[in-house]
Amino acid sequence: MAWFTEDDLRAAAGDGSFRRGREYVDAVGELRPTALGVRASVRGKDVYEVWLGRENDTLVAECECPYGLEGNFCKHCVAVGLVLLADGSLAPATDLGAYLRSLDQGELVDLLLAQANRDPALCRQLMLRAGTTGAPQVAVLRRQLDTALRVRGFVDGDYATRAKDVLDTVHDLVDSGHAAEARPLARHAVELLASAIGAVDDPTGTVAGVCRRAVKLYARACTAARPNPTKLATWLFQLRLAWPTWPTIDIGDFAEPLGEVGMSAYRTLVNEAWHALDDDADRSVLRAMREQVAKTTGNVDAMVEVLSDDLPAPKAYRDIVTLLRAAGRMKEAIDWAERGVSSTRDMALTELLVESYVDGQRGDDAVELRKAALRESPARLCYSRLRETAAEVGAWPGLREWALAVLARSPVELVGALLDDDEVAEAWLAAVRYDCVGVEVARRRGLTDPEDVLPAYQSLVEGCLARGGREAYREAAVLLRELADAAERCGASVEEFVAGVKARHARRPALLDELRKAGF
C-alpha cells in the first residue's frame, strides 16, 4: 500500500511536472521495494533510475535525470508514484527499521560491510561519510573526490552517480557548519567536472546538471565561508574562459561572497579581455559575461554599453530603450529611440518612441510622429494609430477631419477607417462616391439598409466569377447567400439573378456544386 495520495504527488511536483508525469506511466519499469520506498527505471530520453521514498511519512524522491539531479521532484518521479498508487499487488514493506534496531552493533557492522563489499556505490558513500566524521578530513575527502571524478580515458555510466554522492557529502559538510572545509572541496569538484565535460558522453545533460549543482554548491560554501574576493573573481573568470561550452555560471550566485571588491575585479578582468580581442575573434563568451555582470550589479550604463555592441540592429535599439524606460530614464530612452528610428525605420521601435513621448509628457511629438506616418502611408492602420495616440493626449477632435482628408488619397483605406470609427453611413457614401464598395462595407450597410446593397452584392458576385477557380466560386456562393438574405429583408428576390448566373456558367460544374451547397 502506498503511503501517499495523488494529491501528495501533485503538491510535491507541481501541476506542470504532474501533468507530464501522467504521460510517462507506460515508461515505468518493474517496481522494486526498498526499505523506505520503491525503485524503478523510467525510459525517457534515456533510462533514468528513480527512488520514491518516505521521510517521517513525507513523500520524497530522487531521479537521475538532469532536472531531478538539481533536487526537483520531476515527471519521472510522478510516473513511478502513479504506478505505485495503481499497483494494488505491491505488498507493504517489512519494517526493516525495527529489525535493524534489534541487532547489536557487531551484527550491524558485519551486515553493512558485507553489503559494501558487493555494492560499490554503498562502499563509496560509506567512505565519504567516514571522511566527515568528527573534524572533516579534508585531505582524505579530496583524494576520494579525485578517485570519483577525475576522468582517465573511458568514462562509465556510473560517473554522474559518483558525482552526485560526492556533492551530497560536500553539501552535508556545509549544512553541518563546516563550510570552510567544504569550500575547497566544492571548488575542486567544479574543476574536475569541468574537465570531464569534454570527455563524457552526455546526450541527456545529466552530467551538465551535476555541474550546475556543483557551481551552486560552491557559491553557497563561499557565502558561508568567505574566500578572498579578488582571488574568487579571478578563478571564476578563468574558469569561464577555459570552458566556453561549460554550463553558464550565474555570477549573481557569487554576488554576496564577491562583494563590491570582487565584482569590481571581475568586471575589470572581463572588460580588459574584451578590449584586447582581435576584430575577427569570437566575442560571444565575453559578451555574455559582460551582460551578466551588468545585470547582476544593476548597472544600467554598463548594460547599455553591452547592448550597443549589436548596433545598428533594430533589436539592440529596442532593448536599450526598454532598459532605460524601466530605469525611469525617459529622456535618454527617447534620445536612443529617435536615433534608432532615424537609423533603422523599424516599426516596433517607432511604437516604443511614441509610447516614450507620451510617457515623457511629450504628447505633441507623439502626435506629429503619427501624422508623419499617415502622410507617408495613407492607410487604415496609420489612421487608427493616430486616433489612439491623439485621443490619449486629448488632441483627437481637432485632427479627425485632417486625417480623413489625407486618407482620401486611398479611398479603400478611407472606407475602412470610417468603419473603424463606426461611421457606417459615412463609409457607405465614400465607397459609393469612389466606386470602391467592398464586402466589409456592404455587410455593415446591409444590416440597416438592405435595399442599398443589392446592386453592390451582385457586382461583388460577378467579380468572383470573373476570377474563376474553386475558391472564388466558394466566395461567390457565400456572397449570393448574403445577397438573398438582404433581398428577403427588403421584400425583393434574387431568383432571376441566380438563374442568370447558372445559365451563363452552366459549363462550370465546380461553380454549380458550390451554389448547390449554398442552397441554390
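One structure accompanies this document, and this report is about it. (Residues numbered from 1 in each chain as written. Predicted model: local features only at pLDDT ≥ 70, side-chain atom pairs only at ≥ 80, totals over all residues. Heavy atoms only, no water.)

## Some points on the environment of valine 215
(1) Moving on: Relative to the elements of secondary structure, valine 215 occurs in helix H10 (residues 206–224).
(2) Moving on: The buried category is assigned to valine 215, whose relative accessible area is 8%.
(3) Moving on: In sequence terms valine 215 and alanine 186 are 29 residues apart; their C-alpha atoms lie 7.8 Å from each other. (Helix = DSSP H or I, 4+ residues; strand = E, 2+ residues; numbered from the N terminus. Buried < 20%, exposed > 50% of the residue type's maximum accessible area, 1.4 Å probe, protein only.)

## Re the packing of helix H15 (residues 314–326) against helix H17 (residues 347–359)
(1) Moving on: Packing of H15 against H17 leaves a shortest axis separation of 10 Å and a crossing angle of 20°. Viewed along their axes, H15 and H17 adopt a mutual orientation that is roughly parallel. Regarding H15 and H17, the two cross each other, and that crossing is left-handed. Between H15, through Tyr317, Arg318, Val321, Thr322 and Arg325, and H17, the contact on the second element is made entirely by Ala348, Leu349, Leu352, Glu355, Ser356 and Asp359.
(2) Moving on: Here the residues of the contact of H15 with H17 are counted per class, giving five nonpolar, two polar and four charged. (Axes fitted to C-alpha atoms, helices over the stretch in contact; angles between N-to-C directions. Parallel < 35°, antiparallel > 145°, perpendicular 65-115°, else oblique. Left-handed = near helix turned anticlockwise from the far one by under 90°. Contact = heavy atoms within 4.5 Å. Nonpolar A, V, L, I, M, F, W, Y, C, P; charged D, E, K, R; others polar.)

## A word on the pairing of strand E2 (residues 37–43)
(1) Moving on: Looking at chain direction, strand E1 (residues 32–34) and E2 are connected through three bridges and run antiparallel. Bridged to proline 33 within E2 is valine 38.
(2) Moving on: In textbook terms, the turn of a hairpin is the stretch between consecutive antiparallel strands, and for E1 and E2 this stretch comprises two residues.
(3) Moving on: Sheet analysis places E2 next to strand E3 (residues 47–55), joined by seven bridges and oriented antiparallel. (Pairing = 2+ DSSP bridges.)

## Description of the sheet that holds E3
(1) Moving on: Strands sit in the order E1-E2-E3-E4 across an open sheet of four strands; the sheet is antiparallel. Two strands lie at the open edges of the sheet, namely E1 and strand E4 (58–63), each paired on one side alone. With direction set aside, neighbouring strand axes in the sheet form an average angle of 25°.
(2) Moving on: Sheet strands touched by helix H3 (residues 75–86): E2, E3 and E4. Its angle to E3, the strand with the most contacts, is close to 65°.

## Things to note about unusual backbone geometry
(1) Moving on: Looking along the chain, the bond that leaves leucine 311 and enters proline 312 is cis, with omega of 10°.
(2) Moving on: Within the secondary structure, proline 312 sits in the loop between helix H14 (300–307) and H15.
(3) Moving on: With a phi close to 60°, glutamine 361 is a non-glycine residue in the positive phi region.
(4) Moving on: Looking at the secondary structure, you find glutamine 361 in the loop between H17 and helix H18 (363–376).
(5) Moving on: For aspartate 435, which is not a glycine, the phi torsion comes out positive at approximately 55°.
(6) Moving on: Take aspartate 435: it is sitting in the loop between helix H22 (424–433) and helix H23 (439–446).

## Looking at the pattern of salt bridges
(1) Moving on: Within the structure shown, the criterion is met by 48 salt bridges.
(2) Moving on: The salt bridge partner of aspartate 168 is lysine 164, with a shortest N-O separation of 3.3 Å. With a gap of four residues between them, aspartate 168 and lysine 164 both fall in helix H8 (residues 159–175), about one helical turn apart.
(3) Moving on: Taking relative accessible area as the criterion, aspartate 168 reaches 26% and is therefore assigned partly exposed.
(4) Moving on: For lysine 164, a relative accessible area of 17% translates into the label buried. (Salt bridge = Lys/Arg side-chain N within 4 Å of Asp/Glu carboxyl O.)

## Here we look at the packing of aromatic side chains
(1) Moving on: In this structure the tally under the stated criterion is four aromatic pairs.
(2) Moving on: Centroid distance tyrosine 218 to phenylalanine 254: 5.9 Å. Interplanar angle 55°. Geometry classified as tilted. Of this pair, tyrosine 218 sits in helix H10 while phenylalanine 254 sits in the loop between helix H11 (229–242) and helix H12 (255–275), placing them 36 residues apart in sequence. Taken individually, tyrosine 218 and phenylalanine 254 each receive the classification buried, so the pair is uniform in this respect.
(3) Moving on: Considering the side-chain rings of tyrosine 317 and tryptophan 336, the 6.3 Å spacing of their centres and the 55° angle between planes classify their relative orientation as tilted. Of this pair, tyrosine 317 sits in helix H15 while tryptophan 336 is found in helix H16 (residues 330–344), placing the two residues 19 residues apart along the sequence. (Phe/Tyr/Trp six-rings, centres within 6.5 Å; stacked < 30°, edge-to-face > 60°.)

## Section: helix H13 (residues 284–297)
(1) Moving on: For H13, with 14 residues, the first-to-last C-alpha span of 20 Å sits near the 20 Å given by 1.5 Å per residue.
(2) Moving on: Among the residues making up H13, those that are buried are Val285, Leu286, Arg287, Met289, Arg290, Glu291, Gln292, Val293 and Ala294.
(3) Moving on: Elements in contact with the buried residues of H13: H11, H12 and H14.
(4) Moving on: Downstream of H13 by one or two residues, glycine 298 has phi in the positive range, about 70°. (Expected span 1.5 Å × (residues − 1).)

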